[in-house]
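Chain by chain, the residues:
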Amino acid sequence: MRKFYALCFLMLPMTVGAQDLGIQIGKRAPAAIVRDLKGKPVDLGSYVGKTPMLIQFWATWCSNCKQLEPAILAAQKKYGARVRFVGVAVSVNQSPERVRLYAARHKLKHQILYDDEGNATDAYEVPATSYIVVVNKLGKIVYTGVGGDQNIEAALRKAL
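Residue positions are counted from 1 within each chain, in the order its sequence is given. Restriction of local features to residues with pLDDT of at least 70 applies here, the model being predicted, together with a cutoff of 80 or more for giving and counting side-chain atom pairs; totals for whole chains, interfaces and linings are based on all residues. Hydrogens are left out, water is left out, and the side-chain values use all remaining heavy atoms of the structure.

1. Some words on the environment of Gln 111
Inference 1: Every helix listed is a DSSP run of H or I at least four residues long, and every strand listed is a run of E at least two residues long, numbered separately from the N terminus. With respect to the element layout, Gln 111 can be found in strand 6 (residues 111-115).
Inference 2: Distance from Gln 111 to Arg 84, taken between C-alpha atoms, is 8.4 Å for residues 27 residues apart in sequence.
Inference 3: Those residues in contact with Gln 111, other than ones at most four positions away along the chain, are Val 42, Tyr 47, Arg 84, Phe 85, Val 86 and Gly 87.
Inference 4: Side-chain atoms alone can form a polar contact between residues adjacent in sequence; in general such a contact is a pair of N or O atoms within 3.5 Å, and within protein one must be able to donate a hydrogen while the other accepts it. Among the polar contacts listed, one links the side chain of Gln 111 to the side chain of Tyr 47, at a separation of 2.9 Å. Between two residues, a contact is recorded if the distance between any of their heavy atoms is within 4.5 Å.

2. Overview of the confidence of the model for the protein chain
Caution applies to low-pLDDT regions: their predicted coordinates should not be interpreted in detail.
Inference 1: Residues with a pLDDT of 70 or more make up 88% of the protein chain, whose mean pLDDT is 89.
Inference 2: Low confidence marks residues 1-18, where pLDDT is under 50. Its contacts with residues over four positions away, or in another chain, come to 37 contacts. On a scale of 0 to 100, pLDDT captures the predictor's confidence in every residue.

3. Re the pattern of salt bridges
Inference 1: Just to be clear on terms, a salt bridge is a Lys or Arg side-chain nitrogen sitting within 4 Å of an Asp or Glu carboxyl oxygen. Using the criterion set out here, one finds four salt bridges in the structure.
Inference 2: For the salt bridge of Glu 153 with Lys 78, the shortest nitrogen-to-oxygen distance reads 2.8 Å. With a gap of 75 residues between them, Glu 153 in helix 5 (residues 152-157) and Lys 78 in helix 2 (residues 63-79) connect regions that are remote in the sequence.
Inference 3: Residue class for Glu 153 comes out partly exposed when judged on its relative accessible area of 23%.
Inference 4: Lys 78 sits in the exposed class, given a relative accessible area of 54%.
Inference 5: For Glu 97, the salt bridge is made with Arg 100, and the minimal N-O distance between the two is 2.8 Å. Placement of both Glu 97 and Arg 100 in helix 3 (residues 96-105) is noted, with a separation of three residues, approximately one turn of the helix. We call a residue buried when its accessible area falls under 20% of the maximum for its residue type, exposed when it is over 50%, and partly exposed in between, using a 1.4 Å probe and counting protein chains only.

As structure tokens, then:
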């Protein structure tokens, strides 16, 4: 799976529109066990159906992810009291320590998790890094997209 995932990333154009790839809009957001940066298991399913949520599948080396950072930080500042923001770092060519250092250096304040076994990557049918999934309060996926120029504000409005 991981080699396939890495190859898919290399073959994708720089920007892919919403719902061109990945998990189907309207589907209930699935559970998936990932780890926090201290190694403790976290079930993404435990967040579903409680509050709107933005999940970003990212990597420290991803240029599209870096391009998305300002929009995500601005959205978190504006909607942080009403939306849960979760970054799921994929395990391709990185480690929890590398992710922890990057998050501290870039002042990422949202919850950062690590998908060491590819559970969330598989459950959410993640096509590439910079993949955003927005889930509404009912637990339904209302937006997906890939690329560095996604309209995070519009995506979140679909969930609110």
